[in-house]
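Now for the letters of each chain:
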Amino acid sequence: MHDTTVLLIELGAVILGLGLVGRFAGRIGLSPIPLYLLGGLAFGQGGLFPLTASEEFIEVGAEIGVILLLLLLGLEYSASELVTSLKTQYPSGMVDFALNAVPGAVAALLLGWGPVAAVALAGVTWISSSGVIAKVLTDLGRLGNRETPVILGVLVIEDLSMALYLPLLTALVAGLGLAGTSLAMIVAVGTVSIVLFAALRFGRHISRAVSSDTPEMLLLVVLGLTLLIAGIAAKLQVSAAVGAFLVGIALSGETAENARSLLTPLRDLFAAVFFVFFGLNTAPAEIPPVLLPALALAAVTVVTKALTGWYAAGRAGVGSRGRLRAGGALVARGEFSIVIAGLAASTDPRITPLATSYVMIMVILGPLTARWTEPAVRGLKRLMDARRTRREPAGTDAVRREAAVPDAEGLPDPVGGTGHPS
(Lines give C-alpha, C1' and ligand atoms only; values in the text may rest on other atoms or scores of the structure.)
Protein backbone atom coordinates (compact mmCIF):
# COMPACT_ATOMS: atom_id res chain seq x y z
CA MET A 1 0.00 0.00 0.00
CA HIS A 2 2.84 2.36 0.88
CA ASP A 3 4.55 1.71 -2.48
CA THR A 4 1.30 2.42 -4.31
CA THR A 5 0.88 5.71 -2.44
CA VAL A 6 4.41 6.82 -3.28
CA LEU A 7 3.89 5.75 -6.91
CA LEU A 8 0.74 7.87 -7.21
CA ILE A 9 2.40 10.87 -5.58
CA GLU A 10 5.46 10.66 -7.83
CA LEU A 11 3.43 10.17 -11.01
CA GLY A 12 1.10 13.00 -10.09
CA ALA A 13 4.04 15.32 -9.46
CA VAL A 14 5.75 14.35 -12.73
CA ILE A 15 2.63 14.72 -14.89
CA LEU A 16 1.61 17.99 -13.22
CA GLY A 17 5.13 19.30 -13.71
CA LEU A 18 5.02 18.33 -17.39
CA GLY A 19 1.77 20.19 -17.82
CA LEU A 20 3.15 23.34 -16.21
CA VAL A 21 6.40 23.38 -18.19
CA GLY A 22 4.45 22.64 -21.40
CA ARG A 23 2.24 25.68 -20.79
CA PHE A 24 5.30 27.81 -20.06
CA ALA A 25 7.02 26.64 -23.28
CA GLY A 26 3.89 27.48 -25.28
CA ARG A 27 3.81 31.00 -23.87
CA ILE A 28 7.41 31.75 -24.83
CA GLY A 29 6.99 30.12 -28.26
CA LEU A 30 9.37 27.17 -27.80
CA SER A 31 8.96 23.42 -28.11
CA PRO A 32 8.49 21.80 -24.67
CA ILE A 33 10.93 18.97 -25.51
CA PRO A 34 14.05 20.58 -23.96
CA LEU A 35 12.08 21.35 -20.78
CA TYR A 36 10.87 17.74 -20.62
CA LEU A 37 14.48 16.57 -20.92
CA LEU A 38 15.53 18.98 -18.17
CA GLY A 39 12.70 17.61 -16.03
CA GLY A 40 14.04 14.11 -16.54
CA LEU A 41 17.50 15.26 -15.50
CA ALA A 42 16.00 16.77 -12.33
CA PHE A 43 14.15 13.53 -11.44
CA GLY A 44 16.96 11.12 -12.38
CA GLN A 45 20.03 9.82 -10.59
CA GLY A 46 22.08 12.71 -9.31
CA GLY A 47 19.17 15.11 -9.89
CA LEU A 48 17.32 17.30 -7.42
CA PHE A 49 14.32 14.99 -6.82
CA PRO A 50 15.23 11.38 -7.73
CA LEU A 51 12.28 9.03 -8.23
CA THR A 52 12.12 5.77 -6.29
CA ALA A 53 8.78 4.04 -6.89
CA SER A 54 7.62 5.15 -10.33
CA GLU A 55 10.68 4.74 -12.54
CA GLU A 56 9.61 1.30 -13.82
CA PHE A 57 6.12 2.58 -14.62
CA ILE A 58 7.62 5.57 -16.45
CA GLU A 59 9.84 3.20 -18.46
CA VAL A 60 6.76 1.34 -19.72
CA GLY A 61 5.05 4.66 -20.43
CA ALA A 62 8.10 5.75 -22.41
CA GLU A 63 7.87 2.63 -24.60
CA ILE A 64 4.20 3.42 -25.28
CA GLY A 65 5.17 7.02 -26.01
CA VAL A 66 7.59 5.96 -28.78
CA ILE A 67 4.97 3.64 -30.27
CA LEU A 68 2.29 6.36 -30.28
CA LEU A 69 4.70 8.92 -31.75
CA LEU A 70 5.40 6.65 -34.69
CA LEU A 71 1.77 5.55 -35.07
CA LEU A 72 0.57 9.17 -35.33
CA LEU A 73 3.40 9.91 -37.74
CA GLY A 74 2.30 7.02 -39.95
CA LEU A 75 -1.31 8.23 -39.84
CA GLU A 76 -0.16 11.52 -41.37
CA TYR A 77 0.89 9.78 -44.58
CA SER A 78 -0.88 7.56 -47.04
CA ALA A 79 0.98 4.84 -48.92
CA SER A 80 0.52 6.70 -52.22
CA GLU A 81 2.05 9.86 -50.71
CA LEU A 82 5.06 7.87 -49.54
CA VAL A 83 5.57 6.33 -52.96
CA THR A 84 5.23 9.73 -54.66
CA SER A 85 7.74 11.30 -52.26
CA LEU A 86 10.19 8.47 -52.92
CA LYS A 87 9.94 9.02 -56.67
CA THR A 88 10.28 12.81 -56.60
CA GLN A 89 12.41 13.55 -53.55
CA TYR A 90 14.94 10.70 -53.42
CA PRO A 91 17.86 12.87 -54.70
CA SER A 92 17.14 15.36 -51.91
CA GLY A 93 16.97 12.46 -49.46
CA MET A 94 20.39 11.24 -50.56
CA VAL A 95 21.89 14.72 -50.19
CA ASP A 96 20.21 15.02 -46.78
CA PHE A 97 21.79 11.74 -45.65
CA ALA A 98 25.25 12.62 -46.96
CA LEU A 99 25.32 16.10 -45.45
CA ASN A 100 23.81 15.31 -42.05
CA ALA A 101 24.65 11.70 -41.18
CA VAL A 102 28.35 12.01 -41.98
CA PRO A 103 29.12 14.66 -39.28
CA GLY A 104 27.67 12.43 -36.55
CA ALA A 105 29.55 9.35 -37.76
CA VAL A 106 32.83 11.26 -38.06
CA ALA A 107 32.37 12.77 -34.58
CA ALA A 108 31.83 9.33 -33.01
CA LEU A 109 34.94 7.93 -34.70
CA LEU A 110 37.06 10.93 -33.69
CA LEU A 111 35.88 10.47 -30.10
CA GLY A 112 36.94 6.81 -30.28
CA TRP A 113 33.47 5.37 -29.72
CA GLY A 114 33.62 2.63 -32.37
CA PRO A 115 31.63 1.80 -35.54
CA VAL A 116 28.30 0.93 -33.86
CA ALA A 117 28.28 4.24 -32.01
CA ALA A 118 29.18 5.95 -35.30
CA VAL A 119 26.08 4.46 -36.96
CA ALA A 120 23.97 5.59 -33.99
CA LEU A 121 25.32 9.14 -33.82
CA ALA A 122 24.91 9.44 -37.60
CA GLY A 123 21.20 8.83 -37.10
CA VAL A 124 21.01 11.33 -34.24
CA THR A 125 22.38 14.13 -36.43
CA TRP A 126 20.58 13.02 -39.61
CA ILE A 127 16.88 12.94 -38.74
CA SER A 128 14.90 16.16 -38.32
CA SER A 129 11.97 16.38 -35.92
CA SER A 130 8.73 16.07 -37.91
CA GLY A 131 6.64 17.02 -34.88
CA VAL A 132 8.57 20.20 -34.04
CA ILE A 133 8.84 21.29 -37.69
CA ALA A 134 5.13 20.73 -38.42
CA LYS A 135 4.21 22.83 -35.37
CA VAL A 136 6.63 25.61 -36.33
CA LEU A 137 5.28 25.77 -39.90
CA THR A 138 1.74 25.96 -38.53
CA ASP A 139 2.63 28.67 -36.02
CA LEU A 140 4.38 30.75 -38.70
CA GLY A 141 1.43 30.36 -41.13
CA ARG A 142 3.60 28.77 -43.83
CA LEU A 143 1.54 25.67 -44.65
CA GLY A 144 0.52 27.24 -47.96
CA ASN A 145 4.03 28.34 -48.95
CA ARG A 146 5.58 26.89 -52.06
CA GLU A 147 8.56 25.47 -50.15
CA THR A 148 6.41 23.63 -47.59
CA PRO A 149 5.70 20.52 -49.76
CA VAL A 150 9.48 20.24 -50.28
CA ILE A 151 10.09 20.34 -46.52
CA LEU A 152 7.41 17.72 -45.93
CA GLY A 153 8.84 15.57 -48.73
CA VAL A 154 12.28 15.53 -47.08
CA LEU A 155 10.67 14.62 -43.75
CA VAL A 156 8.71 11.78 -45.37
CA ILE A 157 11.92 10.35 -46.86
CA GLU A 158 13.61 10.54 -43.45
CA ASP A 159 10.68 8.94 -41.64
CA LEU A 160 10.45 6.10 -44.15
CA SER A 161 14.22 5.61 -43.94
CA MET A 162 13.78 4.91 -40.24
CA ALA A 163 11.88 1.75 -41.17
CA LEU A 164 15.22 0.41 -42.47
CA TYR A 165 17.67 2.25 -40.23
CA LEU A 166 16.17 1.26 -36.86
CA PRO A 167 16.27 -2.52 -37.58
CA LEU A 168 19.87 -2.12 -38.76
CA LEU A 169 20.85 -0.28 -35.57
CA THR A 170 18.94 -2.75 -33.39
CA ALA A 171 20.81 -5.67 -34.96
CA LEU A 172 24.17 -3.95 -34.58
CA VAL A 173 23.53 -3.08 -30.94
CA ALA A 174 22.45 -6.67 -30.26
CA GLY A 175 25.70 -7.91 -31.80
CA LEU A 176 23.97 -10.23 -34.26
CA GLY A 177 26.91 -10.28 -36.65
CA LEU A 178 26.84 -10.03 -40.43
CA ALA A 179 24.36 -12.89 -40.94
CA GLY A 180 21.97 -11.67 -38.25
CA THR A 181 22.15 -8.06 -39.42
CA SER A 182 21.56 -9.10 -43.04
CA LEU A 183 18.56 -11.17 -41.98
CA ALA A 184 17.15 -8.26 -39.97
CA MET A 185 17.49 -5.97 -42.98
CA ILE A 186 15.83 -8.51 -45.30
CA VAL A 187 12.94 -8.86 -42.86
CA ALA A 188 12.65 -5.07 -42.56
CA VAL A 189 12.68 -4.45 -46.32
CA GLY A 190 10.21 -7.29 -46.87
CA THR A 191 7.89 -6.04 -44.15
CA VAL A 192 7.89 -2.46 -45.43
CA SER A 193 7.32 -3.62 -49.00
CA ILE A 194 4.42 -5.89 -48.00
CA VAL A 195 2.77 -3.17 -45.90
CA LEU A 196 3.11 -0.56 -48.65
CA PHE A 197 1.72 -2.99 -51.23
CA ALA A 198 -1.18 -3.96 -48.97
CA ALA A 199 -1.90 -0.31 -48.13
CA LEU A 200 -1.92 0.66 -51.82
CA ARG A 201 -4.10 -2.25 -52.95
CA PHE A 202 -6.27 -2.93 -49.91
CA GLY A 203 -6.00 0.25 -47.82
CA ARG A 204 -9.73 0.97 -47.99
CA HIS A 205 -10.63 -2.57 -46.92
CA ILE A 206 -8.17 -2.46 -44.02
CA SER A 207 -9.48 0.90 -42.88
CA ARG A 208 -13.06 -0.28 -43.19
CA ALA A 209 -12.33 -3.37 -41.08
CA VAL A 210 -10.75 -1.25 -38.34
CA SER A 211 -13.28 1.59 -38.49
CA SER A 212 -16.09 1.96 -35.97
CA ASP A 213 -18.87 4.49 -35.41
CA THR A 214 -18.13 4.37 -31.68
CA PRO A 215 -15.00 6.33 -30.70
CA GLU A 216 -14.35 3.97 -27.79
CA MET A 217 -14.28 0.91 -30.05
CA LEU A 218 -12.07 2.63 -32.64
CA LEU A 219 -9.62 3.69 -29.94
CA LEU A 220 -9.42 0.19 -28.45
CA VAL A 221 -9.02 -1.55 -31.81
CA VAL A 222 -6.37 0.82 -33.21
CA LEU A 223 -4.39 1.00 -29.97
CA GLY A 224 -4.58 -2.75 -29.38
CA LEU A 225 -3.60 -3.54 -32.98
CA THR A 226 -0.68 -1.11 -32.80
CA LEU A 227 0.70 -2.53 -29.56
CA LEU A 228 0.32 -6.07 -30.90
CA ILE A 229 2.13 -5.33 -34.18
CA ALA A 230 4.80 -3.32 -32.36
CA GLY A 231 5.46 -6.26 -30.04
CA ILE A 232 5.68 -8.72 -32.94
CA ALA A 233 8.03 -6.35 -34.81
CA ALA A 234 10.28 -6.08 -31.76
CA LYS A 235 10.34 -9.88 -31.51
CA LEU A 236 11.49 -10.03 -35.15
CA GLN A 237 14.23 -7.44 -34.44
CA VAL A 238 12.46 -4.96 -36.77
CA SER A 239 11.85 -2.37 -33.96
CA ALA A 240 8.55 -1.72 -32.23
CA ALA A 241 8.59 1.89 -33.47
CA VAL A 242 8.74 0.75 -37.10
CA GLY A 243 5.84 -1.65 -36.52
CA ALA A 244 3.72 1.21 -35.16
CA PHE A 245 4.70 3.43 -38.10
CA LEU A 246 3.61 0.77 -40.59
CA VAL A 247 0.23 0.36 -38.84
CA GLY A 248 -0.31 4.10 -39.29
CA ILE A 249 0.54 3.90 -42.99
CA ALA A 250 -1.92 1.03 -43.51
CA LEU A 251 -4.84 3.13 -42.25
CA SER A 252 -6.18 5.92 -44.44
CA GLY A 253 -9.11 8.20 -45.11
CA GLU A 254 -11.74 8.89 -42.46
CA THR A 255 -10.49 6.06 -40.24
CA ALA A 256 -7.03 7.62 -40.06
CA GLU A 257 -8.48 11.08 -39.32
CA ASN A 258 -10.73 9.77 -36.54
CA ALA A 259 -7.93 7.69 -35.03
CA ARG A 260 -5.59 10.68 -35.16
CA SER A 261 -8.02 12.92 -33.25
CA LEU A 262 -8.60 10.23 -30.60
CA LEU A 263 -4.96 9.29 -30.12
CA THR A 264 -3.31 12.73 -30.23
CA PRO A 265 -3.92 13.52 -26.51
CA LEU A 266 -2.59 10.08 -25.54
CA ARG A 267 0.42 10.61 -27.82
CA ASP A 268 1.21 13.96 -26.23
CA LEU A 269 0.98 12.53 -22.70
CA PHE A 270 3.13 9.46 -23.29
CA ALA A 271 5.58 11.32 -25.55
CA ALA A 272 6.23 13.73 -22.68
CA VAL A 273 6.79 10.73 -20.40
CA PHE A 274 9.20 9.32 -23.00
CA PHE A 275 11.36 12.47 -22.99
CA VAL A 276 11.32 12.54 -19.19
CA PHE A 277 12.45 8.89 -19.08
CA PHE A 278 15.31 9.64 -21.44
CA GLY A 279 16.37 12.44 -19.14
CA LEU A 280 16.11 10.06 -16.16
CA ASN A 281 18.76 7.87 -17.76
CA THR A 282 21.17 10.78 -18.01
CA ALA A 283 23.04 11.95 -14.94
CA PRO A 284 23.42 15.76 -14.92
CA ALA A 285 27.13 15.35 -14.13
CA GLU A 286 27.58 13.59 -17.51
CA ILE A 287 26.46 16.64 -19.51
CA PRO A 288 29.43 19.06 -19.09
CA PRO A 289 32.08 16.68 -20.56
CA VAL A 290 30.08 16.27 -23.79
CA LEU A 291 28.74 19.83 -24.06
CA LEU A 292 31.57 21.04 -26.30
CA PRO A 293 31.17 18.17 -28.84
CA ALA A 294 27.39 18.74 -28.76
CA LEU A 295 27.84 22.45 -29.53
CA ALA A 296 30.29 21.65 -32.34
CA LEU A 297 27.90 19.11 -33.86
CA ALA A 298 25.05 21.60 -33.56
CA ALA A 299 27.05 24.31 -35.33
CA VAL A 300 28.00 21.98 -38.20
CA THR A 301 24.56 20.39 -38.66
CA VAL A 302 22.68 23.68 -38.59
CA VAL A 303 24.64 24.59 -41.72
CA THR A 304 24.27 21.16 -43.36
CA LYS A 305 20.48 21.10 -42.82
CA ALA A 306 20.22 24.61 -44.23
CA LEU A 307 22.12 23.42 -47.32
CA THR A 308 19.78 20.42 -47.56
CA GLY A 309 16.73 22.67 -47.61
CA TRP A 310 18.36 25.03 -50.10
CA TYR A 311 19.13 22.15 -52.48
CA ALA A 312 15.74 20.41 -52.13
CA ALA A 313 13.75 23.61 -52.65
CA GLY A 314 15.95 24.56 -55.59
CA ARG A 315 15.12 21.26 -57.31
CA ALA A 316 11.44 22.17 -57.00
CA GLY A 317 11.98 25.56 -58.66
CA VAL A 318 11.53 27.61 -55.50
CA GLY A 319 13.09 31.08 -55.38
CA SER A 320 15.96 32.12 -53.14
CA ARG A 321 13.85 33.36 -50.22
CA GLY A 322 11.81 30.16 -50.14
CA ARG A 323 14.99 28.10 -50.31
CA LEU A 324 16.35 29.94 -47.27
CA ARG A 325 13.09 29.33 -45.39
CA ALA A 326 13.22 25.63 -46.28
CA GLY A 327 16.77 25.33 -44.96
CA GLY A 328 15.95 27.09 -41.70
CA ALA A 329 12.82 25.00 -41.14
CA LEU A 330 14.64 21.65 -41.31
CA VAL A 331 17.12 22.36 -38.51
CA ALA A 332 15.18 21.03 -35.49
CA ARG A 333 16.01 17.55 -34.16
CA GLY A 334 13.87 15.77 -31.60
CA GLU A 335 11.99 12.53 -31.08
CA PHE A 336 13.86 10.25 -33.53
CA SER A 337 17.26 11.41 -32.29
CA ILE A 338 16.23 10.47 -28.76
CA VAL A 339 14.84 7.08 -29.89
CA ILE A 340 18.12 6.30 -31.67
CA ALA A 341 20.25 7.34 -28.72
CA GLY A 342 18.10 5.23 -26.41
CA LEU A 343 18.66 2.16 -28.59
CA ALA A 344 22.40 2.72 -28.70
CA ALA A 345 22.93 3.64 -25.03
CA SER A 346 24.36 0.21 -24.24
CA THR A 347 27.16 0.53 -26.84
CA ASP A 348 28.69 3.59 -25.20
CA PRO A 349 27.19 5.37 -22.17
CA ARG A 350 28.44 8.73 -23.45
CA ILE A 351 25.99 8.66 -26.36
CA THR A 352 23.02 9.38 -24.08
CA PRO A 353 24.32 12.65 -22.54
CA LEU A 354 25.68 13.81 -25.89
CA ALA A 355 22.33 13.16 -27.61
CA THR A 356 20.46 14.86 -24.76
CA SER A 357 22.63 17.98 -25.02
CA TYR A 358 22.49 17.99 -28.82
CA VAL A 359 18.69 17.63 -28.98
CA MET A 360 18.17 20.35 -26.38
CA ILE A 361 20.35 22.71 -28.42
CA MET A 362 18.76 21.84 -31.78
CA VAL A 363 15.16 21.88 -30.59
CA ILE A 364 15.72 25.41 -29.28
CA LEU A 365 17.58 26.55 -32.41
CA GLY A 366 15.06 24.97 -34.82
CA PRO A 367 12.16 27.42 -34.34
CA LEU A 368 14.62 30.33 -34.33
CA THR A 369 16.28 29.35 -37.62
CA ALA A 370 12.88 28.68 -39.20
CA ARG A 371 11.75 32.18 -38.31
CA TRP A 372 14.94 34.20 -38.83
CA THR A 373 17.18 32.54 -41.46
CA GLU A 374 15.62 34.27 -44.45
CA PRO A 375 15.27 37.75 -42.83
CA ALA A 376 18.80 37.52 -41.44
CA VAL A 377 20.32 36.65 -44.84
CA ARG A 378 18.33 39.45 -46.51
CA GLY A 379 19.51 41.92 -43.86
CA LEU A 380 23.11 40.81 -44.26
CA LYS A 381 22.87 41.15 -48.04
CA ARG A 382 21.47 44.67 -47.75
CA LEU A 383 24.27 45.61 -45.36
CA MET A 384 26.91 44.25 -47.75
CA ASP A 385 25.26 46.07 -50.68
CA ALA A 386 25.25 49.30 -48.72
CA ARG A 387 28.93 48.98 -47.85
CA ARG A 388 29.82 48.14 -51.44
CA THR A 389 27.84 51.14 -52.68
CA ARG A 390 29.76 53.49 -50.38
CA ARG A 391 33.08 52.15 -51.72
CA GLU A 392 32.16 52.28 -55.44
CA PRO A 393 32.57 55.38 -57.64
CA ALA A 394 29.48 57.42 -58.54
CA GLY A 395 27.36 55.85 -61.32
CA THR A 396 28.60 52.30 -60.72
CA ASP A 397 25.53 51.41 -58.66
CA ALA A 398 23.14 52.27 -61.50
CA VAL A 399 25.06 50.08 -63.94
CA ARG A 400 25.08 47.21 -61.42
CA ARG A 401 21.32 47.48 -60.86
CA GLU A 402 20.63 47.31 -64.59
CA ALA A 403 22.83 44.20 -64.91
CA ALA A 404 21.24 42.40 -61.98
CA VAL A 405 18.47 39.94 -62.81
CA PRO A 406 15.98 39.86 -59.91
CA ASP A 407 13.99 36.78 -59.04
CA ALA A 408 10.20 36.87 -58.83
CA GLU A 409 10.38 38.24 -55.28
CA GLY A 410 12.39 41.27 -56.37
CA LEU A 411 15.72 39.97 -55.01
CA PRO A 412 18.78 38.99 -57.03
CA ASP A 413 19.51 35.30 -56.67
CA PRO A 414 23.30 35.19 -56.43
CA VAL A 415 23.47 31.44 -55.78
CA GLY A 416 21.83 30.22 -58.93
CA GLY A 417 18.14 30.36 -57.97
CA THR A 418 15.54 29.55 -60.57
CA GLY A 419 13.66 32.83 -60.32
CA HIS A 420 10.35 31.16 -59.50
CA PRO A 421 8.21 32.50 -56.67
CA SER A 422 8.82 30.95 -53.27
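Residues numbered from 1 in each chain as written. Predicted model: local features only at pLDDT ≥ 70, side-chain atom pairs only at ≥ 80, totals over all residues. Heavy atoms only, no water.

## Regarding the overall build of the protein
- Helix and strand counts for the protein stand at 16 helices and zero strands.
- Expressed as a percentage of the 422 residues in the protein, the buried residues total 47%.
- Counting only carbon and sulfur atoms, one obtains 68% of the accessible surface of the protein, whose full area is about 19600 Å². (Helix = DSSP H or I, 4+ residues; strand = E, 2+ residues; numbered from the N terminus. Buried < 20%, exposed > 50% of the residue type's maximum accessible area, 1.4 Å probe, protein only. Areas by Shrake-Rupley, 256 points an atom, 1.4 Å probe, with all protein chains shown as cover.)

## Observations regarding the confidence of the model for the protein
- On average, residues of the protein score 81 in pLDDT, and 89% of them are at 70 or above.
- pLDDT under 50 marks residues 405–422. Its contacts with residues more than four places away, or in other chains, come to 48 contacts. (pLDDT = per-residue confidence, 0-100. Contact = heavy atoms within 4.5 Å.)

## Brief notes about the pattern of salt bridges
- Following the criterion strictly, the structure yields eight salt bridges and no others.
- Among the salt bridges present, the one from Asp385 reaches Lys381, with a minimum N-O distance of 2.9 Å. Note that Asp385 and Lys381 are positioned in helix 15 (residues 351–391) at a spacing of four residues, about one turn of the helix.
- A cluster of three or more residues bridged by salt bridges with shared partners is formed by Glu147, Arg321, Arg325, Glu374 and Arg378. (Salt bridge = Lys/Arg side-chain N within 4 Å of Asp/Glu carboxyl O.)

## So, helix 13 (residues 320–329)
- In terms of burial, helix 13 is a largely internal element, nine of the 10 residues being buried.
- Considered for burial, the residues of helix 13 that qualify are Ser320, Gly322, Arg323, Leu324, Arg325, Ala326, Gly327, Gly328 and Ala329.
- Against the buried residues of helix 13 lie helix 6 (130–139), helix 7 (148–174), helix 12 (287–315) and helix 15.

## Here we look at the environment of Ala98
- Assignment of secondary structure puts Ala98 in helix 4 (residues 79–110).
- Considering only alpha carbons, one finds Ala98 and Ala122, 24 residues apart in sequence, at a separation of 9.9 Å.

## Some words on the packing of helix 4 against helix 12
- Where helix 4 meets helix 12, the axes come as close as 9 Å, and the angle between the chain directions of the two elements is 170°. When the axes of helix 4 and helix 12 are compared, the pair comes out roughly antiparallel. Where helix 4 abuts helix 12, its residues Thr88, Gln89, Pro91, Ser92, Val95, Asp96, Leu99, Asn100, Pro103, Gly104 and Ala107 lie against Leu297, Val300, Thr301, Thr304, Lys305, Leu307, Thr308, Tyr311, Ala312 and Arg315.
- Per-class residue counts for the contact of helix 4 with helix 12 are 10 nonpolar, eight polar and three charged. (Axes fitted to C-alpha atoms, helices over the stretch in contact; angles between N-to-C directions. Parallel < 35°, antiparallel > 145°, perpendicular 65-115°, else oblique. Nonpolar A, V, L, I, M, F, W, Y, C, P; charged D, E, K, R; others polar.)

## Re the packing of aromatic side chains
- Using the criterion set out here, one finds three aromatic pairs in the structure.
- Look at Phe97 and Trp126: their rings are 5.0 Å apart centre to centre, the planes differ by 80°, and that puts the pair in the edge-to-face class. Of this pair, Phe97 sits in helix 4 while Trp126 sits in helix 5 (residues 115–126), placing them 29 residues apart in sequence.
- Judged by relative accessible area, which is 43%, Phe97 ranks as partly exposed.
- Taking the relative accessible area as the measure of exposure, Trp126 reaches 7% and is therefore buried.
- Centre to centre, the rings of Phe197 and Phe202 are 6.5 Å apart; their planes meet at 80°, and the pair counts as edge-to-face.
- On the basis of relative accessible area, Phe197 is assigned to the partly exposed category, the value being 47%.
- A connected cluster of aromatic rings, assembled from ring pairs, spans Phe97, Trp126 and Tyr165. (Phe/Tyr/Trp six-rings, centres within 6.5 Å; stacked < 30°, edge-to-face > 60°.)

## Looking at the packing of helix 11 (residues 253–280) against helix 14 (residues 335–344)
- Packing of helix 11 against helix 14 brings their axes to within 11 Å, and their N-to-C directions diverge by 45°. When the axis of helix 11 is compared with that of helix 14, the two are oblique. Judged by the sense of rotation from one axis to the other, the crossing of helix 11 with helix 14 is left-handed. On helix 14, the residues touching Phe274, Phe275 and Phe278 of helix 11 are Glu335, Ile338, Val339, Ala341 and Gly342.
- Residues of the contact of helix 11 with helix 14, tallied by class, amount to six nonpolar, one polar and one charged. (Left-handed = near helix turned anticlockwise from the far one by under 90°.)

## Description of the environment of Trp310
- For Trp310, the position within the fold is in helix 12.
- Separated by 15 residues in the primary sequence, Trp310 and Arg325 place their C-alpha atoms 8.3 Å from one another.

## A look at the nonpolar core
- The biggest cluster of nonpolar side chains holds 108 residues, and the ones touching the most others in it are Leu70, Leu71 and Ile340.
- Ranked by the residues each element gives to this core, the list is headed by helix 11, at 13 residues.
- Among all residues touching Leu71, those that are not within four sequence positions of it are Val222, Thr226, Ala244, Phe245, Val247, Gly248 and Leu263. (Core = buried A, V, L, I, M, F, W, Y, C linked by side-chain atoms within 4.5 Å.)

## Things to note about the environment of Leu225
- By secondary structure assignment, the location of Leu225 is in helix 9 (residues 215–235).
- Sequence spacing of Leu225 and Val210 is 15 residues, and the spatial spacing of their C-alpha atoms is 9.2 Å.

## A word on the side chain of Thr373
- Along the chain, the position of Thr373 falls in helix 15.
- Excluding anything up to four places from it in sequence, Thr373 contacts Leu324, Gly328 and Leu368.

## Things to note about a nonpolar patch on the surface
- There is a patch of nonpolar side chains on the surface, built from Leu225, Leu228, Ile229, Ile232 and Leu236 and spanning about 410 Å² of accessible area.
- Turning to its location among the elements, Ile232 is positioned in helix 9. (Patch = residues over 30% accessible without salt bridge, like charges linked within 9 Å, V, L, I, M, F, W, Y side chains within 5 Å.)

## Re the side chain of Thr255
- Residue position: Thr255 is located in helix 11.
- With relative accessibility at 6%, the residue Thr255 sits in the buried group.
- A polar side-chain atom of Thr255 sits 3.1 Å from the main-chain carbonyl oxygen of Ser207.
- Sequence-distant contacts of Thr255, defined by excluding residues within four places in its chain, comprise Ser207, Val210, Ser211 and Leu218. (Polar contact = N/O pair within 3.5 Å; in protein donor to acceptor, adjacent residues only side chain to side chain.)

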